[in-house]
Amino acid sequence: MTDLSPTDVILATLAQVAPEADPAALGPDADLRLELDLDSMDFLNFVVGIDERTGIDIPERDYPRLSTLNRCIEYLTGRMAEV
């Protein structure tokens, strides 16, 4: 588990997966894959990166819930509260 907020975890992970992008400039409802030009492997690395930073396993069925910054924050906030 981490002491970072869900937003910090997500932005740090996106910066690692897409170092050329500026995740902090993302709109809250922008599609992450489109805005950051993430292919399927990049997105998988994003999910794995969140798992590594938080210890929270994200099942494949939940991947659609990580489509935007707001949805990621909402999902991760809920999952962190469960732990």
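The coordinates are above.
Let us look at the structure shown here.

Thresholds applied
- All residue numbers refer to position in the chain's written sequence, counted from 1.
- In view of the model being predicted, local features appear only for residues whose pLDDT reaches at least 70, and side-chain atom pairs are presented and counted only at 80 or more, with totals across whole chains, interfaces and linings using the full set of residues.
- The basis for the side-chain values is all heavy atoms of the structure; hydrogens and waters are excluded.
- Strands here are runs of E lasting at least two residues and helices are runs of H or I lasting at least four, both read from the DSSP assignment and numbered beginning at the N terminus.
- The term polar contact refers here to a pair of N or O atoms within 3.5 Å; inside protein, the definition further demands a hydrogen-donor-capable atom paired with an acceptor-capable atom, and it admits residues adjacent in sequence only when both atoms are side-chain atoms.
- Each patch is built from residues lacking any salt bridge and having more than 30% relative accessible area; the joining distance is 9 Å for like charges and 5 Å for nonpolar side chains (Val, Leu, Ile, Met, Phe, Trp, Tyr).
- We get accessible surface area from the Shrake-Rupley algorithm with a probe of 1.4 Å; when it comes to residues, only the shown protein chains can shield them.
- A side-chain nitrogen of Lys or Arg and a carboxyl oxygen of Asp or Glu constitute a salt bridge if their distance falls within 4 Å.
- A 1.4 Å probe rolled over the protein chains alone gives each residue an accessible area, and that area as a share of the maximum for its type sets the label: buried under 20%, exposed over 50%, partly exposed in between.
- Helix span, as expected, comes to 1.5 Å for every residue beyond the first.
- Summarising the geometry, the arc corresponds to the directions from the helix axis toward the C-beta atoms.
- Contacts: residue pairs with any heavy atoms within 4.5 Å of one another.

1. Comments concerning the environment of Gln 16
- Examined against the element boundaries, Gln 16 turns out to sit in helix 1 (residues 6-17).
- It is 8.3 Å that separates the C-alpha atoms of Gln 16 and Gly 49, two residues lying 33 residues apart in sequence.
- Within the structure, Gln 16 has its side chain in polar contact with the side chain of Arg 53 (distance 3.0 Å).

2. Description of a nonpolar patch on the surface
- Taken together, the side chains of Met 41, Leu 44 and Val 48 define a hydrophobic patch exposed on the protein surface, amounting to about 240 Å² of accessible area.
- Counting through the fold element by element, Val 48 comes out in helix 3 (residues 40-54).
- Judged by its relative accessible area of 36%, Val 48 falls in the partly exposed class.

3. Description of helix 4 (residues 69-82)
- With 14 residues, helix 4 extends 20 Å from end C-alpha to end C-alpha; this agrees with the ideal 20 Å at 1.5 Å per step.
- Among the residues making up helix 4, those that are buried are Leu 69, Cys 72, Tyr 75, Leu 76, Arg 79 and Met 80. Buried residues of helix 4 fall within an arc of 130° about the axis and therefore sit on the same side. Facing away from the buried side of helix 4 by more than 90 degrees, the exposed set consists of Glu 74, Ala 81 and Glu 82.
- The elements touched by buried residues of helix 4 are helix 1, helix 2 (32-35) and helix 3.

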